[in-house]
Amino acid sequence: MRNITETIDVVTNNGPTPGSWEPAVGEEFLGLLNYLTIPNESKAYVTEETRRILGRCVPPTTESGGRTGLVVGYVQSGKTLSFTAVSALARDNNYPILIVMAGISVPLSGQSVDRLRKDLRIDGNERTDRSWAQFANPKGKVHEDAIRRVVENWKDPSVSKADRQTVLITVMKNHTHLRNLIEVLGALNLQGIPTLIVDDEADQASLNTKAQKQGEESTTYAKIMDLCRQIPHHTFIQYTATPQAPLLINLIDKLSPTFTEVLTPGPGYVGGRQFFHNHSELVHTIPESEATDGETQDPPDSLVYSMQLYYLGVAAAWSFGENRSNNKNRSMLIHPSHSTEPHNQFFRWVDETQKRWQQTLEHDDEDREELLEEFKFAYDDLAKTVEDLPEFDRLVECLPLAMRNTPIMKVNSRNADGRTPIVEWRKSYSYILIGGQAMDRGFTVEGLTVTYMSRGIGVGNADTLQQRARFFGYKEKYIGYCRIFLDQKMKRAFKEYVDFEEDIRKQLKDYSNNGKPLSEWKRAFFIADFLNPTRKNVLKDPYTKGKLSDSWFTPKIPHGSKESDSQNRQIVDNFVSSLSLSPDKSHHEWTSDQKHAFCEKLSLQKVYEELLTKFLVTNGNDSNHYIGLLLQIKNHIDQNPNAICSVYVMRKESPESEWQVRERSLNEYGRVDLSQGRDPSGRPGSYHGDEKIGDRTDIIIQLYKLRLFADKTKSAVVADDIRTVAVWVPKKMAKSWLVQ
């Protein structure tokens, strides 16, 4: 191994994570850091996050145990680097076996494995030792014997650590390859052999797609369960940028994570916030009239325009000589449909358009002038976002070269051999790639600048849509050349997803930093009302979606257990005693049931902390909506720290008078209609109803004291001296949420 000449100082702000052990940074991990060409700042947080991840795994000093963790990054933000770093640190800390499940197709698997081998320097000349014994899709007696020899060395105390290899198994996420691996490992004695299993793109293929069918397991999931059972001492680490599915599966599922780590993207990363909020001028709308699967005769104008932007960018690279570098690329991605047939039509459009442009540029005539006018319009668009864009005439000189040297490829499985072609990035500087699902999740498009995605949102699974965002990545240096073409609904989906992503990452970070188990985390977050979090077939437990907007939260079942009712009584009464109440304006004919005391312009933050977050809503459906309510209020407070609200104590005529009980009867479903309606007479001065109380431009909270009867005869009291709340949420606080 080459000499380590660089020292990385790691500063951990929060100290050791509760419930963790402290991995030691050794020669293997430092060798990886020394090899990586990333800033020292990035190396520091890679070190900290890697230590935190491994430190939450089952310690290598124990004899057995199983644990599942979740590592969350952004799309194309360095997840492969993270599990490579975890692998290196695991060797330093005496884990004999590492298993990496990577990809459900040959291109995806090969991409991840190549990167892993490259960064660990397994194939290169950077190291001269034999620290790693790597096996790809192991099968049969030969691999079984080879792995057994390595394992026996770990069990032999006379063998030095330097002479103990670490087994690195890479396996496709395919039931056949997994079955072969299970047979190999099943023939070995792995008792006391600490093992890490890394699941790349963990929300794809791994989860049980038959979760809603009692006792049934999908094939790949069943094999993963068998694999875990073969290894007495293991930690299963899930990596994904879209964690909804692992977080929402049943808590007793083996793949439900118990701990989490949220990765920090490196400098220069460009994601949803940058594209869809900070630089929205880079995102173009495909008109509804041009949304096509290739059914029209002529290419859509927006597709033609996207190609002009792309070729001008490639021409700029030729003018700078960037095309001569064998480690740089400039590419365009066209994603028309999940099915492969439209790819043929888009290929014909792009190919014919490119050839027509090349022929036109060769002749000095009116057609050429007309074409250059079109390119000049695209040039002016680029000039708004690229500071050093060469003069237009210079780019015109380079355009024929840019077009001639840009291969156009269909990346799907419709080839004669049924395999998806692999893009050989070093063979050409620029590519136009046309495909669908083969270029979704996990597929890296090198130097991607222009994306044309005419495909719609389909059924609207948020994680699937986000994984199509191959345009995210480390693009800050050339973001001005980037353009994204989407239909209006897809644009809205990506923009809305930004808020969801930031919300869920913040929640997971809080749990990670505090060392709290994920089993305690409330499955509650914001998500657009037209999106689903994930595919429903992997979820055993249902979820509730909602949004309060110019509407009331009113519990239908306000009572619970004696303990919860007693606790709520104490919480509400203590809160009411702290208020400076005033009598509400009322008409002299109003009854005592229609007169209330109130306090206005209270700090919403104070009411949220001292009342609402402490109050217990125990009925399942009411509880889900109440958690959604709390999400909306907390979000409003975060954006408006000085937000105010009003509190009404219902049936309390004056601050000095006794708080009166309101009597209500349960209906046939065991529910209660809490509010007092308006006076049906409608005469002047008649009661307007509880729901019309107060200035509804801000939050209004109503507090009730109740006596509940079994039915309208009031012959039997079900619950007495109950406290409950109703909350008005104005439209300005509207935000869609999901609660499970």
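I'd like to hear about the layout of surface pockets, residue by residue, with values.
Roughly 960 Å³ of volume is contained in the second largest pocket. Of all elements in the fold, only helix H15 (488-514), strand S16 (524-526) and helix H18 (620-639) reach the threshold of two or more residues within the lining of the second largest pocket. Here the element with the most residues in the lining of the second largest pocket is H18; it accounts for nine residues. Residue composition of the lining of the second largest pocket, by class: twelve nonpolar, five polar and twelve charged.

Break down the pairing of strand S13 (residues 448-453) for me, with residues and values.
The element S13 is extensively covered by neighbouring structure, given that six of its six residues are classed as buried. As defined by bridge partners, strand S10 (residues 330-334) adjoins S13 across four bridges and the pair is classed as parallel. Bridge pairing in S13 places Ile334 opposite Tyr452. Note: S13 against strand S15 (residues 483-486), four bridges, orientation parallel.

Requested: an account of the pattern of salt bridges, with residues and values cited.
Going through the model one piece at a time under the given rule, you end up with 35 salt bridges. With its nearest N and O atoms 2.9 Å apart, the salt bridge here joins Lys141 to Asp145. Residue Lys141 and its partner Asp145 are both found in helix H5 (residues 140-155); the two are separated by four residues, about one turn of the helix. For Asp145, a relative accessible area of 23% translates into the label partly exposed. Of the charged contacts in the structure, one is a salt bridge between Lys732 and Asp698, with a shortest N-O distance of 2.8 Å. Of the two residues, Lys732 sits in the loop between strand S24 (717-729) and strand S25 (737-739) while Asp698 sits in the loop between strand S22 (662-665) and strand S23 (699-709), which places them 34 residues apart along the sequence.

Could you give an account of the environment of Gly66, naming the residues involved and the relevant values?
In this structure, Gly66 sits in strand S1 (residues 65-72). Each C-alpha atom of the pair Gly66 and Thr219 lies 22 Å from the other, and the pair is 153 residues apart in sequence. The contacts of Gly66, once residues within four sequence positions are left out, are Val58, His234 and Lys254.

Can you tell me about the pairing of strand S3 (residues 132-136), naming the residues and giving the values?
When a strand is regular, its side chains alternate between the sheet's two faces. Pairing analysis gives five bridges linking S3 to strand S4 (residues 166-171), with the strands arranged parallel. Among the inter-strand pairings, Trp132 is bridged to a residue of S4, identified as Thr166. The parallel pair S3 and S4, bridged by H5, forms a crossover whose chirality is right-handed.

Account for the packing of helix H1 (residues 27-35) against helix H3 (residues 79-92), naming residues and giving values.
Packing of H1 against H3 brings their axes to within 7 Å, and their N-to-C directions diverge by 150°. Relative to H3, the element H1 lies roughly antiparallel. Across from Glu27, Glu28, Phe29 and Leu32 in H1, the residues of H3 making contact are Thr84, Ala85, Ala88, Leu89, Arg91 and Asp92. For the contact of H1 with H3, the per-class residue count stands at five nonpolar, one polar and four charged.

How would you explain empty space enclosed by the protein if you had to name every residue and give the values?
Taken as a whole, this structure holds four cavities of 30 Å³ or more when the rule is applied. Taken as a whole, the largest cavity holds about 70 Å³ of empty space. Here the lining of the largest cavity is composed, by residue class, of six nonpolar, seven polar and one charged.

I'd like to hear about the sheet that holds strand S11 (residues 408-411), residue by residue, with values.
The strands that make up a sheet pair up through hydrogen bonds in the backbone, lying either parallel or antiparallel. Pairing is parallel in the open sheet, where six strands are placed in the order S9-S15-S13-S10-S12-S11. The outermost strands of the open sheet, each flanked by one partner alone, are strand S9 (283-285) and S11. Between one strand and the next, the sheet's axes are offset by a mean angle of 20°, whatever the strand orientation. Two elements, S10 and strand S12 (residues 430-435), share five bridges in a ladder whose sense is parallel. When the bridges of S12 are listed, Leu333 appears paired with Leu433. The sheet strands contacting helix H10 (residues 301-320) are S9, S10, S12, S13 and S15, and the helix crosses S10 at an angle near 170°. Those strands touched by helix H11 (residues 341-361) are S10, S11, S12 and S13, and its axis lies near 175° from that of S11.

So what about unusual backbone geometry? Which residues, and what values?
Even without being glycine, Arg651 reaches a positive phi, approximately 65°. Tracing the chain through its elements places Arg651 in the loop between strand S21 (644-650) and S22. Under the relative-accessibility criterion, Arg651 is labelled buried at 13%. For Asp721, which is not glycine, the phi dihedral falls at a positive 60°. Along the polypeptide, Asp721 turns up in strand S24. Asp721 sits in the partly exposed class, given a relative accessible area of 30%.

Help me get a handle on the packing of aromatic side chains, residues and values and all.
Applying the stated criterion across every chain, the model contains 26 aromatic pairs. Each ring, one from Trp590 and one from Tyr687, has its centre 5.0 Å from the other, and the planes form 85°; the classification is edge-to-face. Of the two residues, Trp590 sits in the loop between strand S19 (582-583) and strand S20 (596-603) while Tyr687 sits in the loop between S22 and S23, which places them 97 residues apart along the sequence. Here Trp590 falls in the buried class, since its relative accessible area comes to 11%. With a centroid separation of 5.3 Å and an interplanar angle of 15°, the aromatic rings of Phe598 and Tyr648 are classed as stacked. With Phe598 in strand S20 and Tyr648 in strand S21, this pair connects stretches of sequence that are 50 residues apart. According to the relative accessible area criterion, Tyr648 is buried, its value standing at 5%. Among the aromatic residues, those joined into a ring-pair cluster are Phe275, Phe276, Phe471, Phe472 and Phe494. The ring of Tyr74 carries Arg505 above its face, with NZ or CZ at 3.8 Å from the centroid. The aromatic ring of Trp659 is capped on one face by Arg723, whose charged end is 5.4 Å from the ring centroid.

What counts and how
Residues numbered from 1 in each chain as written. Predicted model: local features only at pLDDT ≥ 70, side-chain atom pairs only at ≥ 80, totals over all residues. Heavy atoms only, no water. 1 Å grid on protein atoms, 1.4 Å probe; cavity = no way out; pocket = protein on both sides within 12 Å on 5 of 7 lines; lining within 4 Å. Points joined across faces, edges and corners; volume = space filled by probe spheres on them. Helix = DSSP H or I, 4+ residues; strand = E, 2+ residues; numbered from the N terminus. Nonpolar A, V, L, I, M, F, W, Y, C, P; charged D, E, K, R; others polar. Buried < 20%, exposed > 50% of the residue type's maximum accessible area, 1.4 Å probe, protein only. Pairing = 2+ DSSP bridges. Salt bridge = Lys/Arg side-chain N within 4 Å of Asp/Glu carboxyl O. Contact = heavy atoms within 4.5 Å. Right-handed = clockwise from strand over helix to strand, strands pointing away. Axes fitted to C-alpha atoms, helices over the stretch in contact; angles between N-to-C directions. Parallel < 35°, antiparallel > 145°, perpendicular 65-115°, else oblique. Phe/Tyr/Trp six-rings, centres within 6.5 Å; stacked < 30°, edge-to-face > 60°. Lys NZ or Arg CZ within 6 Å of the ring centre and 35° of its normal.

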